[in-house]
Amino acid sequence: MTAGLRRLATETVLSPANLIYPMFVCEGTGVRRAIASMPGVFNLSVDELLRDVAEFANKGLAGIILFGIPDTKDETGSSGCAESGVVQRAVRELKREFPELVVMTDVCLCEYTSHGHCGILDAGGSILNDETVERLAQMAVSHAEAGADVVAPSDMMDMRVGAIRSALDMEGFVNLPIMSYAVKYASAFYGPFRDAAQSTPSHGDRKSHQLNPANWREGLREAEADLAEGADILMVKPASHYLDMVRLLRDEFDVPIAAYQVSGEYSMIKAAAAQGWIDEERAAWESLVSMRRAGADLVLTYYARDVALGRIKYRF
């Protein structure tokens, strides 16, 4: 009958310790560029990134994950592997200023290629899997050398987890975990992210390597393969429309399971709240707790900072 009793009987806990905050880091100084399709999210230069992180670094978040927006792109995404790359610089500064903060890095070429695809292309515009995997392994090592605590391949190339694991081990990073985007669907909900990361493909789509939204057995096979290759954490992406996959992985595998509340899911809540159609705080909390209830140990969400700062909390 009371909020206190309802809290007492609550079965699923949502806390900052369950949440990972995605952040977009770009070149320059003093840059805080609003992303129109993702209210409250920004492209940040390294100095502005540090300023934002200082606000919540001691609030108990599980960690942050970085996506890079370089000034220079080419057909092979070479800037993603550079020692002086924007993510590499951001990682070094973050670990210097906030050594206890868990800093994860996205490993994919889409932000770094001139064509916006997740891999290196052949003359006909098709992705070259093996050449791409080699580049991804180089990128993961460069992130590890900068000080990343976790690398997270999101490209969906075949055998990339095994190649990254081997490359990390050869360079002495034998204990560095891999959080694999293991079950990543070819979803309509990535649009705002592509605005933020400037990674919309110049042609075609990503259906050749991302999963068919109608399939669950395929997702299970992908997760099994990544685990066999050395993944330490398995991720489902998107989250809200694939909670069955979160539950399936939770029941099948005894490793941490992550779910990514992607840009489109976040922006839908924001847009409806801006119209006064829903209560944003309650809707955000409800969506995140549903992912935890389905079995996600970790949730990547653009609402993570709001939860950490107490702007979103249990109000039932």
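Read on for a plain summary of the structure. What you see is a predicted model; the values in this text were computed from it and never measured.

### A short note on the packing of helix α4 (residues 129-146) against helix α5 (residues 160-170)
And step 1. Where α4 contacts α5, the two axes come as close as 9 Å, and the packing angle between them is 45°. When the axis of α4 is compared with that of α5, the two are oblique. Here the hand of the crossing between α4 and α5 comes out right-handed. Contact residues: α4 offers Val 133, Leu 136, Ala 137, Ala 140, Val 141 and Ala 144, while α5 offers Arg 160, Ala 163, Ile 164, Ala 167 and Leu 168.

### Brief notes about the environment of Asn 58
And step 1. Note on placement: Asn 58 falls in the loop between α2 (46-56) and β4 (63-69).
And step 2. Overall, Asn 58 belongs to the exposed group, its relative accessible area being 65%.

### Some words on the pattern of salt bridges
And step 1. According to the stated counting rule, one finds 17 salt bridges in the structure shown.
And step 2. When the shortest N-O distance is used, the salt bridge between Glu 27 and Arg 89 registers 2.8 Å. Here Glu 27, found in the loop between β1 (19-26) and β2 (32-34), pairs with Arg 89, found in helix α3 (residues 86-97); they are 62 residues apart in sequence, far enough to count as distant.
And step 3. The exposure class of Arg 89 is partly exposed, given its relative accessible area of 28%.
And step 4. Measuring nitrogen to oxygen at the nearest pair gives 3.3 Å for the salt bridge that ties Asp 155 to Arg 160.
And step 5. Residue classification places Arg 160 among the buried positions, given a relative accessible area of 1%.
And step 6. One connected set of salt bridges, linked through shared partners, spans Arg 32, Glu 48, Arg 51, Asp 52, Glu 55, Arg 305, Asp 306 and Arg 311.

### Quick word on unusual backbone geometry
And step 1. For the bond from Lys 237 to Pro 238, the omega torsion is -5°, close enough to zero to count as cis.
And step 2. Looking at the element boundaries, Pro 238 is found in the loop between β8 (233-237) and α8 (243-252).
And step 3. Here Met 156, not a glycine, exhibits a phi torsion of approximately 70°, which is positive.
And step 4. Tracing the backbone through its elements, the reader meets Met 156 in the loop between β6 (150-153) and α5.

### Concerning α5
And step 1. Residues of α5 that are buried: Arg 160, Val 161, Gly 162, Ile 164, Arg 165, Ala 167 and Leu 168.
And step 2. Packed against the buried residues of α5 are β5 (103-107), α4, β6, β7 (179-184) and α7 (217-229).
And step 3. After α5 finishes, the residue Gly 172 shows a positive phi value of roughly 95°.

Cut-offs and rules
Residues numbered from 1 in each chain as written. Predicted model: local features only at pLDDT ≥ 70, side-chain atom pairs only at ≥ 80, totals over all residues. Heavy atoms only, no water. Axes fitted to C-alpha atoms, helices over the stretch in contact; angles between N-to-C directions. Helix = DSSP H or I, 4+ residues; strand = E, 2+ residues; numbered from the N terminus. Parallel < 35°, antiparallel > 145°, perpendicular 65-115°, else oblique. Left-handed = near helix turned anticlockwise from the far one by under 90°. Contact = heavy atoms within 4.5 Å. Buried < 20%, exposed > 50% of the residue type's maximum accessible area, 1.4 Å probe, protein only. Salt bridge = Lys/Arg side-chain N within 4 Å of Asp/Glu carboxyl O.

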